[in-house]
Amino acid sequence: MLDIPQNSLYAMIAVVCILFAATTTRIILRAKNPEKDYTELRQRIQSWWWMVGLLFLVLILSKNATIAFFGFLSFLALKEFLSIVPTRQADRRVVFWVYLSIPIQYYWVVSGWYGMFIIFIPVYIFLFIPMRMVLIGETKGFIKAAGILHWSVMLTVFSLSHIAYLLTLPEKNMQAGGVGLILYLLFMTQFNDVCQYIWGKMLGKHKIIPKVSPNKTWEGFLGGLLTVTLGSGFLAPFLTPLSLAEGFGAGLIIGISGFIGDVVISSVKRDLQIKDSGNLIPGHGGILDRVDSLIYTSPLFFHYLYYLHY
Amino acid sequence: MMMPRILKILFFGLIIKPIVLIVLGLNVCNRDKLPAEGPAVIAANHNSHLDTMVLMSLYPLSIIHKVRPVAAADYFLSNRMLAWFSLNVIGIIPLDRAGVINRDRLFEGCNEALCKGDILIVFPEGSRGEPEKLGAPKKGIYYLLKERNDVSITPVLMHGLGRALPRGEALLVPFNCDVIVGDKLPIASNPDELVQYLSSTYEYLLQYCLTHNTLE
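In this text the structure is predicted, and so the values were computed from the model without any measurement. (Residues numbered from 1 in each chain as written. Chains lettered and ligands numbered in written order. Predicted model: local features only at pLDDT ≥ 70, side-chain atom pairs only at ≥ 80, totals over all residues.)

**Concerning the overall build of chain B**
Filter applied, for reference: Starting at the N terminus, helices and strands are each numbered in turn, a helix being any DSSP run of H or I of at least four residues and a strand any DSSP run of E of at least two. For this measure, only C-alpha atoms enter the radius of gyration; the expected value for a globule follows 2.2 Å times N^0.38, where N is the number of residues. Three exposure classes are used. Buried residues have 20 or more other C-beta atoms within 10 Å of their own C-beta, exposed residues have 12 or fewer, and partly exposed residues fall in between, all C-beta atoms being placed from the backbone.
Within chain B one finds nine helices and seven strands. In terms of C-alpha radius of gyration, chain B reaches 16 Å, essentially the compact-globule figure of 17 Å for 216 residues. C-alpha extents for chain B along the principal axes are approximately 45 × 40 × 30 Å. Here chain B, with 216 residues, has 41% of them falling under the buried criterion.

**Comments concerning the sheet that holds strand β6 (residues 153-159) of chain B**
All names here are of chain B. Rules: A pair of strands is considered paired only if DSSP assigns at least 2 bridges between the two. Between N-to-C directions, angles span 0 to 180 degrees; the directions come from axes that are lines fitted to C-alpha atoms, helices contributing only their stretch in contact.
Spatial ordering of the open sheet is given by β1-β7-β6-β2-β5-β3-β4, a layout of seven strands whose pairing is mixed. If you trace the sheet from one side to the other, it starts and ends with β1 (26-29) and β4 (93-95), each paired once. Sheet twist, expressed as the average angle between the axes of neighbouring strands with direction ignored, equals 25°. Sheet topology places β6 next to strand β7 (residues 177-181); four bridges connect them, and they run antiparallel. In the strand pairing of β7, Val156 is matched with Val181.

**Remarks on the pairing of β6 of chain B**
Residues and elements named next belong to chain B. Counting buried positions along β6 yields seven of seven residues, so the element is predominantly enclosed. Burial of the side chains of β6 extends over both faces: Ile153, Pro155, Leu157 and His159 are buried on one face and Thr154, Val156 and Met158 on the other. Where strand β2 (residues 40-44) and β6 come together, four bridges link them in parallel fashion. If you follow Ala44 over to β6, its bridge partner there is Val156.

**A short note on the nonpolar core**
The line we're drawing: What we call a nonpolar core is a set of buried Ala, Val, Leu, Ile, Met, Phe, Trp, Tyr and Cys residues whose membership is set by joining through C-beta atoms within 7 Å. The contact criterion used here is simple: two residues whose C-beta atoms, placed from the backbone, lie within 7 Å are in contact.
Of all hydrophobic cores here, the largest spans 130 residues; its most connected members are Ile42, Val54 and Leu120 of chain B. Once you skip the residues sitting within four places of it in the chain, Val54 of chain B turns out to touch Val20, Leu26, Met158, Leu161, Cys177 and Val179 of chain B.

**Quick notes on helix α4 (residues 92-111) of chain A**
The condition is simple: Every helix has an expected span of 1.5 Å times one less than the residues it contains.
End to end, α4 of chain A covers 30 Å across 20 residues, agreeing with the expected 28 Å (1.5 Å per residue, within 8%). The complete set of buried residues in α4 of chain A reads Arg92, Val94, Val95, Val98, Ser101, Ile102, Gln105, Tyr106, Trp108 and Val109 of chain A. Residues of α4 of chain A that are buried make contact with α3 (63-84), α5 (114-136) and α6 (142-168) of chain A together with α8 (161-164) of chain B. At the exit of α4 of chain A stands Gly112 of chain A, carrying a positive phi of roughly 70°.

**Let's talk about the packing of helix α1 (residues 6-32) of chain A against helix α2 (residues 39-61) of chain A**
All names here are of chain A. Heads up, the condition is: In this scheme, roughly parallel covers angles under 35 degrees and roughly antiparallel covers those over 145, while 65 to 115 is roughly perpendicular and the rest are oblique. Two helices that cross are described as forming a left-handed crossing if the nearer one is turned anticlockwise from the farther one by less than a right angle, and a right-handed crossing if clockwise. Under the convention adopted here, Pro, Cys and the residues Ala, Val, Leu, Ile, Met, Phe, Trp and Tyr are nonpolar, Asp, Glu, Lys and Arg are charged, and Gly plus all remaining residues are polar.
Between α1 and α2, the least distance of the axes is 10 Å, while the angle of their chain directions is 165°. When the axis of α1 is compared with that of α2, the two are roughly antiparallel. Once α1 is placed against α2, the crossing between them reads as left-handed. On the side of α1, the interface is formed by Met12, Val15, Leu19, Ala22, Thr23 and Arg26, while α2 contributes Leu41, Arg42, Ile45, Trp48, Trp49, Val52 and Phe56. Broken down by class, the residue content of the contact of α1 with α2 amounts to 10 nonpolar, one polar and two charged.

**Observations regarding the pairing of β7 of chain B**
Residues and elements named next belong to chain B. Counting buried positions along β7 gives five out of five residues, so the element sits mostly inside the fold. Residues Cys177, Val179 and Val181 point to one face of β7 and Asp178 and Ile180 to the other, with burial holding for every one of them. Both β1 and β7 contribute to a ladder of four bridges, which runs parallel. Paired with Val28 across the strands is Val179, a residue of β7.

**Brief notes about unusual backbone geometry**
One non-glycine residue, Gln273 of chain A, lies in the positive phi region at around 60°. Take Gln273 of chain A: it is sitting in the loop between α9 (244-272) and α10 (287-309). According to the C-beta neighbour criterion, Gln273 of chain A is exposed, with 10 such atoms within 10 Å. Within the chain, Asn30 of chain B stands out as a residue other than glycine whose phi angle is a positive 60°. Summarising the element assignment, Asn30 of chain B is placed in the loop between β1 and β2. Given 15 C-beta atoms within a 10 Å radius, Asn30 of chain B is considered partly exposed.

**A short note on the interface of chain A and chain B**
Each side of the interface is counted separately: chain A has 23 residues, and chain B has 16 residues. Counting only elements with at least two residues in the side of chain A that touches chain B, the list comes to α3, α4 and α6 of chain A. By residue class, the composition of the side of chain A that touches chain B is 11 nonpolar, six polar and six charged.

**Comments concerning helix α6 (residues 108-115) of chain B**
Residues and elements named next belong to chain B. Here is the rule: Arc definition: it is the arc formed by the directions from the helix axis to the C-beta atoms.
Within α6 the residues assigned to the buried category are Cys110, Ala113 and Leu114. Burial along α6 is one-sided: seen end-on, the buried residues are contained in an arc of 100°. Facing away from the buried surface of α6 by more than 90 degrees, the exposed residues are Glu108, Glu112 and Cys115. Turning to α6, the residues buried within the fold contact β3 (67-72), β4, β5 (119-122) and α7 (140-145). Directly after α6, the chain includes Gly117, whose backbone phi takes a positive value near 85°.

Structure representation (structure tokens):
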């Protein structure tokens, strides 16, 4: 059992309170407007309970359980990505090797081998995939296939494994620990999604990228960014080694890059002419639909923190 | 019949369901349209041995013994081990594809199962065919249900399993796959009509697939 440091424990309790508030609000809404259909809202909130419940369970269990959890998340995300993008039948065996990169990458995380963690996928897997493809010998569509395969591991394994590495970093904020870093990153990223959505609903007028996401507006983006920057600043000394001012910087990074991650995955889906990447999480869609912002925020937040404090 | 039922529950509960749900992963569309009780027939397209396993794992363990795939006798009864496993653990209804015996005898096993209220899984295309390609449905399914107007056909389109485990491959590679359940087919008055219904339904259901993009 991992002893959850005090501040992180408070943060976890606060998240559970937010979920209780969401469920209560939904029940009141339903009672007030019995004729309206709240199925999707109910599914969304229920799924949030599951996701938060699972995450907190592994956080409480142990450091290695949490790392394994994120490894499994990478597996689900990679599988979903490879299932929606075009792959060649000839590359089945290459795809198998691509999956094997997950346990190896997360082994570097567990063992705290930073140098290997940071180059394994961008260098070794990058060079390995085309070599394995050459051994199969199918040259038709080679460039596209190699590009897709490497992009898929970068997005779903390399990027997401940065969340797990936060637990391996030496603890600098004793009241929060590595768990505090994970809670901070995940909470701020999801909070950013929610804030941009709410600001957009309230004030949204000027579209940012109508071709990719017709619902995204400048008002939503800037309103969300402001809220998240302020929130991140005030929360940073509580959960991370970052100071108040550094926290504002982290908030800017999370706000901007979270938005970019969201629209990058949206572009992928639009290209493939699908709305959701799967239907594993009721009310949300697939795993990729949920971790899209995290793909961008995790490595960027990690390296910001690493540069300033490690 | 208790022993095979326990074997079937163990096999699906401990091996097949975890593989199908975790290693593979399903995008199920319109699950509520699956027949909940028999007699009923599910007509699915066929690309992989996993097709049967995926369809069966959509059912809860409590009624999984009622779900019976109709399978080729020449393949699944070809050796003693496979025959024992197919008949007792999976619970297949063997069908003689060679066509030497007459039609009434041919569907004897199927009719018996339908009378018991089982849910039959039928692959109207016959064999598995090319990965991820829809083959032409054959007419056999019409003759199977000719005398049974009380039994409806639920079409199911699966996509992506031909990537995970195509014909002739032993290595299973994880891919999500789509399972799209269609509306019950109307009653056809002749075999060509039924084949037409099936083909057009599969084509129509294809638009709900998330995994339909290919590089070839």
